[in-house]
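Each chain is listed here by its residues.
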Amino acid sequence: MTIKVWDYLAEYDSEKTEIMAAVEKVFSSGRLILGQNVQDFESEFSKYCDVRFGVGVNSGTDALFLALKAIGVAQGDEVITVANTAVPTVSAIVSSGARPVFVDIDPATYLMDTAQLEDAVTPRTKCIMPVHLFGQCVNMAAVQKVAQAHGLKVIEDCAQSHGAMFKSKKAGSLSDLAAFSFYPTKILGGFGDGGMVITDNQEYYERLKRLRFYGMETAYYSKEHGYNSRLDELHAAILLSKLKHLDGYIARRRELAKKYDELLKNSGLVLPTTADDNFHAYYLYVCRHAKRDQIIAGLKQRDIVVNISYPWPIHTMTGYEFLGYKSGDLPQTEAVCKEVFSLPMYPALTDNELGSVVSALIEILRDII
């Protein structure tokens, strides 16, 4: 039987009664858009993240885009971020009218190298967008130091970091605004697209509610140009039912990561490193090896599916060549993207399945070294 890098079916079976009750509640309510379920999920998720306000939107990409628009990012502005992230991080910046400016990464943690931020700031810089990659947080103390010195806003990309912490503070509570994705694969994932912007700033909160709904506060009257980006009642109800399991999901992910650590410590793989002051939520368990492609091919032959997050740095993609970057500009990012790969990681992964992955890896590594 194939071992997948991610699978929701076993989790769905265990939570099916709760999920279907949430679905029925929506269908029988008479309200399908921006009703009580969205309000309740916004309240509960923002409370979980230790902030005051949440605004549910259509996707994690829209969450980033609307967060940028809420702080006034526009044509000609610059936003500092990284290139070893999912395309939506950069897509949102470009769609807002701004230009992404990339800094390189720490090769040990794959997170933003905050020592490079100061040199990346220009008179056009409006915002820093750290990406809390793979389930752990960027050094937000360093990010905020640069931001405060230059009067910049900070938006956390938290798509991969539900429940992660930096210095005991939740991801999403460390900035002006933070954007989350509830795409099905995420630590807290639904059964379709969905996202949320969270903030402690009431002015941003009020503006975000307008921006997601055509700029309206009252039906049929726009106070400003806005968009159509609303978290559906159905998705909100399902996510609300799953939210109470989130800490359990994270505990199981950390348990699986610990097993991988113990069983693979002498394998020859470079295993994940937890950054200083971090509580790692393990959205992904990312390994590194110079012969990655051979390893992946060997695993595939054994019906084990892994993933590469991410094989191509965004600054090298043809879709973003207009930004003017070239290969060699971000050496650590480019080197890492050639060697990283993610092992199966999700709460319903069994110990036996993990053991099969480890056994296959050790066998493959023994043969290729």
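In every chain, residue numbers begin from 1 and rise along the written sequence. In keeping with the model being predicted, local features are shown solely for residues with a pLDDT of at least 70 and side-chain atom pairs are shown and tallied solely at 80 or more, while totals for entire chains, interfaces and linings include all residues. Each side-chain value is derived from all of the structure's non-hydrogen atoms; neither hydrogens nor water enter the calculation.

## Examining the packing of aromatic side chains
Only Phe, Tyr and Trp rings take part, Trp by its six-membered ring, and two of them pair if their centres are within 6.5 Å. Stacked means planes under 30 degrees apart, edge-to-face means over 60, and tilted covers everything else. Within this structure, the stated rule accounts for 16 aromatic pairs. Geometrically, the ring pair formed by Tyr110 and Phe134 is edge-to-face, given 6.2 Å between the ring centres and 75 degrees between the ring planes. Note that Tyr110 is positioned in the loop between strand E3 (99–102) and helix H5 (117–120) and Phe134 in the loop between strand E4 (125–128) and helix H6 (140–150), a separation of 24 residues in sequence. Comparing Tyr110 with Phe134 shows no difference in burial state: the two are buried. With centroids separated by 6.0 Å and ring planes inclined at 40 degrees, the aromatic side chains of Tyr320 and Phe322 adopt a geometry described as tilted. Linked through ring pairs, Phe41, Phe45, Tyr48, Phe180 and Phe182 together constitute an aromatic cluster. A ring is considered to have a charge above it if a Lys NZ or an Arg CZ atom is located within 6 Å of its centre and within 35 degrees of its normal. Residue placement shows Lys170 over the ring face of Tyr48; its charged tip is 3.7 Å from the ring centre. Numbering goes from the N terminus for both helices and strands, where a helix is a DSSP run of H or I of at least four residues and a strand is a run of E of at least two. Whether a residue is buried, partly exposed or exposed follows from its accessible area with a 1.4 Å probe, protein chains only, as a fraction of its type maximum: under 20%, in between, or over 50%, in that order.

## Considering the sheet that holds strand E5 (residues 153–157)
Overall, mixed pairing links the seven strands, which are arranged E1-E9-E8-E5-E4-E2-E3 in an open sheet. Single-partner strands in this sheet number two, and they are strand E1 (53–57) and E3. Neighbour-to-neighbour, the strand axes of this sheet turn through a mean angle of 25 degrees, independent of strand direction. Any two strands between which DSSP finds at least two bridges are classified as paired. Pairing of strand E8 (residues 177–181) with strand E9 (residues 195–199) involves five bridges; the strand directions are antiparallel. From the neighbouring strand, Leu177 faces E9, where its bridge partner is Thr199. For this analysis, residues touch if any pair of their heavy atoms sits within 4.5 Å. Helix axes use the C-alpha atoms of the stretch in contact, all axes being lines fitted to C-alpha atoms, and the angles between their N-to-C directions lie in the range 0 to 180 degrees. Sheet contacts for H6: E4 and E5; angle to E5, the most-contacted strand, approximately 150 degrees.

## Quick look at the side chain of Thr81
Mapped onto the secondary structure, Thr81 falls in strand E2 (residues 78–81). When its relative accessible area of 0% is taken as the criterion, Thr81 is described as buried. Looking at Thr81, its side chain comes within polar contact range of the main-chain oxygen of Met129, at 2.9 Å. Apart from the residues lying within four places of it in its own chain, the contact partners of Thr81 are Thr89, Ile93, Pro100, Val101, Phe102, Val103, Met112, Met129 and Val131. Between N or O atoms, a polar contact is any pair within 3.5 Å; within protein, one atom must be a potential hydrogen donor and the other a potential acceptor, and residues adjacent in sequence are included only when both atoms are from side chains.

## Considering the pairing of E4
As paired elements, E2 and E4 share three bridges and run parallel to each other. Paired with Glu78 across the strands is Thr125, a residue of E4. As paired elements, E4 and E5 share two bridges and run parallel to each other. From the neighbouring strand, Cys127 faces E5, where its bridge partner is Lys153. With the strands aimed away from the viewer, a crossover counts as right-handed if its path from the first strand over the helix to the second runs clockwise. Of the crossover connections in this fold, the one passing from E4 over H6 to the parallel E5 is right-handed.

## Comments concerning the nonpolar core
Among buried residues, the Ala, Val, Leu, Ile, Met, Phe, Trp, Tyr and Cys ones that are joined through side-chain atoms within 4.5 Å form a nonpolar core. Phe41, Phe45, Ile128 and Leu188 are the most contacted members of the largest nonpolar core, which has 65 residues in total. Secondary-structure elements contributing two or more residues to this core are helix H2 (36–48), E3, H5, H6, E8, E9, helix H8 (233–243) and helix H9 (246–264). When neighbours within four sequence positions are excluded, Leu188 is seen to be in contact with Phe41, Phe45, His162, Ser181, Phe182, Leu239, Lys242, Leu243, Leu246 and Tyr249.

## What to know about the confidence of the model for the protein
In the predicted model, the protein carries a mean pLDDT of 97, and 100% of its residues have values of at least 70. For every residue, the predictor reports its confidence as pLDDT, a number between 0 and 100. Strand E10 (residues 216–218) is the least confidently modelled element of the protein, averaging 94 in pLDDT, while E5 averages 99, the highest of any element.

## Looking at the pattern of salt bridges
Salt bridges are defined by distance alone: a side-chain nitrogen of Lys or Arg within 4 Å of a carboxyl oxygen of Asp or Glu. Counting across every chain of the model gives 19 salt bridges. Glu206 is the partner of Lys209 in a salt bridge, and the nearest nitrogen-oxygen pair spans 3.5 Å. Highlighted residues: Lys209 and Glu206, both in helix H7 (residues 202–211), separated by three residues, approximately one helical turn. Because the salt bridges share partners, they merge into one network encompassing Arg207, Arg210, Glu217, Lys223 and Glu224.

## Regarding unusual backbone geometry
At the junction of Ser309 and Tyr310, the peptide bond is cis and its omega measures out at 10 degrees in the coordinates. The topology assignment puts Tyr310 in the loop between helix H10 (292–301) and helix H11 (331–337). Unlike most non-glycine residues, Ser168 shows phi in positive territory, near 70 degrees. Residue class for Ser168 comes out exposed when judged on its relative accessible area of 67%.

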